[in-house]
Structure formats: structure tokens, C-alpha cells
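# Close look at the chain arrangement
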Amino acid sequence: MSDLLRPRASLRTAVVWEVLKDALERRGKAAGRDALDVLDTGGGTGNFAVPVARLGHRVTVVDPSPNALFALERRAAEAGVADRVRGVQGDARGLFDVVERGGYDTVLCHGVLEYVDDPAEGVRNAVDALRPAGTLSLLAAGLGGAVLARALAGHFTEARRALTDPAGRWGEGDPMPRRFTADQLTDLVSATGLQVGSVHGVRIFADLVPGVLVDTEPGAVDALLKLEAAAAEQPAFHSVATQLHVLAERD
Ligand SMILES: C[S@@+](CC[C@H](N)C(=O)[O-])C[C@H]1O[C@@H](n2cnc3c(N)ncnc32)[C@H](O)[C@@H]1O
């Protein structure tokens with residue numbers, strides 16, 4: 001079963017997946033084609049690439065990790081979409097050493113900007129990979145969600161440090177190199193000339209709720225998914241989301 005279809009795992013991805021699925025459908029209609037060319041930069045093991053290929057699209061995954069690309073290949077084969085998923089070793093900075101500039105209908109950049117040296121360059125390259133009409137799907141770690149999570153865990157000094165640190169890190173032990181506010185992400189996208197279509201907060205509640213409440217209460221996963229979906233688009237909740245998703249289009 002794909003991760004996106006597992007109820008517990010879907011709490012992490014449902015909001016992004018719904019927005020992305022709609023965007024692909026719109027892009028397909030606008031392009032007059034069922035199968036789109038999709039680039040997943042930093043696509044890893046294919047959490048999104050494989051489900052996107054299952055919709056019938058051709059997906060190129062660029063990732064620096066050979067292990068991730070190996071897992072991607074196996075996962076695509078298991079899902080029966082090996083012919084529509086191509087893994088290429090490369091990174092966001094040298095994107096055009098390995099893929100065509102202006103060659104894609106949709107570019108995914110999910111969970112990558114946190115790790116690159118220059119996020120502005122990362123977004124610019126993702127946008128430059130788009131055809132003249134194209135869609136960018138950008139997902140990155142949110143600052144406020146981390147501050148809230150550290151505070152609720154009783155780590156008040158770390159919470160304050162994240163709040164004041166330019167990269168949004170709570171300390172030396174923080175595994176996340178960088179976090180963003182919604183304004184920072186939309187500014188990065190707007191600077192490329194793309195029009196921001198929507199911003200969604202992702203995992204607003206899911207990471208804060210004790211697992212036992214979700215796993216043992218009948219219907220809890222479903223109810224939490226509906227709550228996440230309802231809050232995702234409300235700007236008030238963007239400032240406390242674990243991740244932020246920005247959809248941007250050029251028509
Ligand atoms: C958190 S994972 C996200 C994977 C996938 N996009 C997803 O949403 O499930 C981060 C991925 O970014 C890749 N990565 C790290 N540095 C990168 C870089 N400079 N350029 C492109 N990808 C990078 C890692 O190898 C890893 O697969």
C-alpha cells in the first residue's frame with residue numbers, strides 16, 4: 001500500500017496530496033494532455049513521485065542520495081509504474097546538469113529547501129525547470145510549528161532560540177538545518193515572478209496530539225484529517241504548522 005493511502009501516514013501528507021492532485025488535474029486540462037511531465041527535485045524515495053506516477057504522469061526524480069534512488073526504483077516497480085518514474089542523481093544547485101531547463105509542466109520541491117545552501121537559488125532553479133505554463137509545489141518546514149512543539153514539550157529555552165535564530169533552529173542538536181515562515185516562502189516564490197496561488201498549513205495538530213489518542217479512538221484519524229483540512233487554508237494556523245505548502249502557477 002502506498003504511504004499516501006495508509007491512514008496514520010496520510011496525516012502527514014493528506015493536505016499536500018489533495019492540493020497537488022487538484023493542481024495536476026487543472027494543469028492537465030489546461031495543457032490538453034492526460035499525462036504531464038513532472039519533476040520532483042529532492043524527491044527521495046518517492047513519497048510523492050510514485051503516487052503522482054500512479055495518476056498516469058511521467059515523473060523525473062532528482063536526488064543526491066543513491067540509496068534513496070535505489071529505494072525509489074524498487075517502490076516504483078512494486079507500484080507498477082517503473083516505466084513512468086525516472087531517478088537521476090543530482091542536486092538542486094546543479095539541477096540543469098541533469099535535467100532540461102523549461103521541460104516540465106509541474107515541479108515538486110518538497111522538504112528540500114531546508115537542506116540547500118541557498119534557498120533562493122533552489123526555488124529559482126525549480127521555477128526555471130517549468131515550461132512557460134507550469135505549476136510549482138513547494139513544501140518546507142514551518143518555523144512556528146517547531147517553536148510550539150518545543151514549548152509544549154517543556155523546552156522553553158529551545159523554543160525561544162528557534163524563534164530568534166535566523167535559520168529557525170532550536171539548538172545544536174536540531175536535525176533541521178532551516179525553517180521558514182509563510183511570508184519567507186511566498187517572498188521566495190514571488191521573487192521568481194510566479195504567482196502564489198495558495199498557502200496551506202500542514203500538520204497543524206497531528207504532531208502535537210498524543211499518538212494514543214489517534215490510534216485508539218475509533219474514527220479519530222478521520223476526524224483529525226478533516227480538522228487538518230479545515231484549518232490548512234486559514235492564515236491564522238499557518239504560523240503554527242509543522243510544514244507550509246505553497247502552490248504557485250504561471251499560465
Ligand atoms: C526530507 S526528504 C524529502 C523527500 C521527498 N521530497 C518527500 O517529500 O518525501 C529530503 C530529500 O532532499 C534530498 N536532498 C538533500 N539535499 C539536497 C540538495 N542539495 N538538492 C536536492 N535534494 C537534496 C535528500 O536526499 C532527501 O531525499
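Everything below is about the structure shown above.
First things first, this report covers the structure right here in the doc. (Residues numbered from 1 in each chain as written. Predicted model: local features only at pLDDT ≥ 70, side-chain atom pairs only at ≥ 80, totals over all residues. Heavy atoms only, no water.)

### Focus: helix H8 (residues 182–190)
For clarity, the threshold we go by: Under the scheme applied here, a residue whose accessible area is under 20% of the maximum for its type counts as buried, over 50% as exposed, and between as partly exposed, the area being computed with a 1.4 Å probe on protein chains only. Starting at the N terminus, helices and strands are each numbered in turn, a helix being any DSSP run of H or I of at least four residues and a strand any DSSP run of E of at least two. This arc corresponds to the set of directions leading from the helix axis out to the C-beta atoms. Should any heavy atoms of two residues lie within 4.5 Å, those residues are counted as being in contact.
All of the buried residues along H8 are Ala-182, Leu-185, Thr-186, Leu-188 and Val-189. Looking straight down H8, one finds that the buried residues subtend no more than 155° of arc, so they occupy a single side. Exposed residues pointing more than 90 degrees away from the buried face of H8 are listed as Asp-183 and Asp-187. Against helix H5 (119–128), strand S5 (130–141), strand S6 (195–202), helix H11 (235–238) and strand S7 (243–250) lie the buried residues of H8.

### Quick word on the pattern of salt bridges
Note the cut-off: Salt bridge criterion: a side-chain nitrogen from Lys or Arg within 4 Å of a carboxyl oxygen from Asp or Glu.
Tallied over the entire structure, the rule returns 15 salt bridges. Put simply, Arg-26 and Glu-249 hold a salt bridge, and the shortest N to O gap is 3.0 Å. Taken together, the positions of Arg-26 in helix H1 (residues 7–31) and Glu-249 in strand S7 put the pair 223 residues apart, joining distant regions of the chain. The exposure class assigned to Arg-26 is partly exposed, which follows from its relative accessible area of 41%. In this structure, Arg-203 and Asp-207 form a salt bridge, with 2.9 Å as the shortest nitrogen-oxygen distance. When its relative accessible area of 39% is taken as the criterion, Asp-207 is described as partly exposed. Each of Arg-33, Asp-37, Arg-58, Asp-105 and Arg-131 takes part in one network of salt bridges that share partners.

### Some thoughts on the site of the ligand
How we decide: Residues are counted as near a molecule or strand when any one of their heavy atoms sits within 4 Å of it. As used in this structure description, the phrase polar contact means that two N or O atoms lie within 3.5 Å; if the pair is within protein, one of them must be able to donate a hydrogen and the other to accept it, and residues adjacent in sequence are counted only when both atoms belong to side chains. In these tables, accessible area is a Shrake-Rupley quantity obtained with a 1.4 Å probe, and a residue counts as shielded only by the protein chains included in the view. Residue polarity is assigned by list, with Asp, Glu, Lys and Arg as charged and Ala, Val, Leu, Ile, Met, Phe, Trp, Tyr, Cys and Pro as nonpolar; anything else, Gly included, falls into the polar class.
In the vicinity of the ligand, 15 residues are found, and the nearest of them are Gly-42, Asn-47, Asp-63, Ala-92 and His-110. One of the backbone nitrogen or oxygen atoms of Gly-42 is found 2.8 Å away from a nitrogen atom of the ligand. Asp-63 places a side-chain nitrogen or oxygen 2.6 Å from an oxygen atom of the ligand. Contact with the protein chains hides 74% of the accessible area of the ligand, taken as 600 Å² for the molecule alone. Considering only residue class, the shell around the ligand consists of six nonpolar, seven polar and two charged.

### Quick word on helix H3 (residues 66–78)
This is how it is decided: In this scheme, a helix's expected span is set at 1.5 Å multiplied by one less than its residue total.
For H3, built from 13 residues, the straight-helix expectation of 18 Å at 1.5 Å per residue is met to within 8% by its first-to-last C-alpha distance of 18 Å. On the buried face of H3, the contacting elements are helix H2 (49–54), strand S2 (58–63) and strand S3 (85–89). With its phi angle positive at about 75°, Gly-80 sits one or two positions after the end of H3.

### Quick notes on the sheet that holds S5
Short version of the rule: Strand pairing requires that DSSP identify at least two bridges connecting the strands. Whenever a helix is involved, its axis is fitted only over the stretch in contact; in every case the axis is a line through C-alpha atoms, and angles between N-to-C directions fall within 0 to 180 degrees.
Sheet architecture is open: seven strands sit in the order S3-S2-S1-S4-S5-S7-S6, paired in mixed fashion. The sheet is open, and its two borders are formed by S3 and S6, each paired with just one other strand. Averaged over all pairs of adjacent strands, the angle between strand axes in this sheet comes to 15°, irrespective of strand direction. Inspection of the sheet shows strand S1 (residues 37–41) paired to S2 by five bridges, in the parallel sense. Each bridged residue has a counterpart across the sheet, and for Asp-37 the counterpart in S2 is Arg-58. Contacting S2 and S3, H3 runs over the sheet at an angle of about 170° to S3. Against the sheet, H8 engages S5, S6 and S7, with an angle of about 20° to S7.

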